[in-house]
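# Structural features, examined
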Amino acid sequence: MSRILVVEDESAIAELITLNLRHAGFDVFHCSDAAAAQAAVDGRLPDLVLLDWMLPGESGLQLARRWRSEARTRELPVIMLTARADEGDKVAGLESGADDYLTKPFSVNELMARIRAVLRRKAPQALDVAVQLAGLRLDPATRRVSCGGLDLKLGPTEFKLLHFMMSHAERVHSRAQLLDRVWGDHVFIEERTVDVHIKRLREALAPAGAGAMVETVRGAGYRLTAQPQTATGAAATERGSA
Ligand code: CA
């Protein structure tokens with residue numbers, strides 16, 4: 001389930017948004033100021049933030065800028081909400097790193113459409129949309145994984161791990177990033193836990209010959225790739241020794 005953080009100090013608006021998002025199946029967490037929002041994000045990264053511009057204390061704009069400047073929150077999808085409609089403010093909002101910008105009052109339908117659009121673009125694993133890479137296919141709605149017509153059996157953690165890696169294929173993720181994005185709690189789990197589940201994931205993909213798609217990038221982390229180097233390397237070695 002996608003987790004959305006709503007940062008809004010006007011309780012009537014916050015309530016309206018929260019109710020509608022919950023109704024649409026999102027897991028919603030609400031904060032009324034920047035300090036609480038920062039604490040929430042420090043605890044667990046949401047899939048998306050709806051961020052009001054004008055907040056008591058630190059503004060939404062400052063908060064968005066800070067998140068963009070820090071490695072852990074750089075990719076955090078943010079939709080800025082504001083009563084301001086000036087062109088200059090809109091530009092400032094987008095320059096702060098917001099992915100989209102919505103002027104109050106807005107319709108709930110428009111808000112939902114914008115949320116889905118930003119998630120599709122930046123956090124597709126947060127939506128129940130099937131993903132595909134090479135012959136590998138994962139469907140969150142049915143919780144099935146297949147490769148070349150073969151159904152594969154994955155444990156719940158391996159499923160989430162594969163879902164995240166398929167949604168961000170070809171990119172290298174550090175163990176800390178994977179803990180943060182897949183486990184959702186980077187503080188209390190040891191990084192070697194990731195290695196254990198990576199190994200299980202490779203084993204689960206092995207019956208379809210897809211285990212090598214999960215690559216270890218020395219000193220950096222793991223990557224899911226459609227063109228595994230290790231498979232090519234192994235094939236070359238086999239040919240060389242034959
Ligand atoms: Ca406000």
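Because the structure is predicted, anything quoted here is derived from the model rather than measured. (Residues numbered from 1 in each chain as written. Predicted model: local features only at pLDDT ≥ 70, side-chain atom pairs only at ≥ 80, totals over all residues. Heavy atoms only, no water.)

## Describing the nonpolar core
Among the nonpolar cores identified, the biggest contains 28 residues, and Leu-136, Leu-162 and Met-165 are the most heavily contacted of them. If you list the elements that add at least two residues to this core, you get β6 (131-133), β7 (136-139), β8 (144-147), α6 (156-167), α7 (175-183), α8 (192-205) and β11 (221-224). Here the element with the most residues in this core is α6; it accounts for six residues. When sequence neighbours within four positions are dropped, the list of residues in contact with Leu-136 reads Val-131, Val-145, Ser-146, Cys-147, Leu-152, Leu-162, Met-166, Leu-205 and Met-213. Leu-5, Cys-31, Leu-51 and Val-78 belong to the second largest nonpolar core, which has 21 residues in total. (Core = buried A, V, L, I, M, F, W, Y, C linked by side-chain atoms within 4.5 Å. Buried < 20%, exposed > 50% of the residue type's maximum accessible area, 1.4 Å probe, protein only. Helix = DSSP H or I, 4+ residues; strand = E, 2+ residues; numbered from the N terminus. Contact = heavy atoms within 4.5 Å.)

## What about the confidence of the model for the chain?
Summarising the model, the chain shows a mean pLDDT of 88, and 92% of its residues fall at 70 or more. Looking across the chain, the model is least confident in helix α9 (residues 229-241), with a mean pLDDT of 45, and most confident in β11, with 97. Below pLDDT 50 for its whole length, residues 231-242 participates in one contact with residues either more than four positions away or in separate chains. (pLDDT = per-residue confidence, 0-100.)

## Observations regarding the coordination of the calcium ion
At 2.1 to 2.3 Å from the calcium ion lie its protein donor atoms, namely Asp-9 (OD), Asp-52 (OD) and Met-54 (O). Linear spacing of the donor residues for the calcium ion on their chain is D-x42-D-x1-M. Here Asp-9, found in the loop between β1 (3-7) and α1 (11-23), pairs with Asp-52, found in strand β3 (residues 48-52); they are 43 residues apart in sequence, far enough to count as distant. Since its relative accessible area comes to 32%, Asp-9 is described here as partly exposed. (Donors = N, O, S within 2.8 Å, 3.2 Å for Na, K, Ca; no water.)

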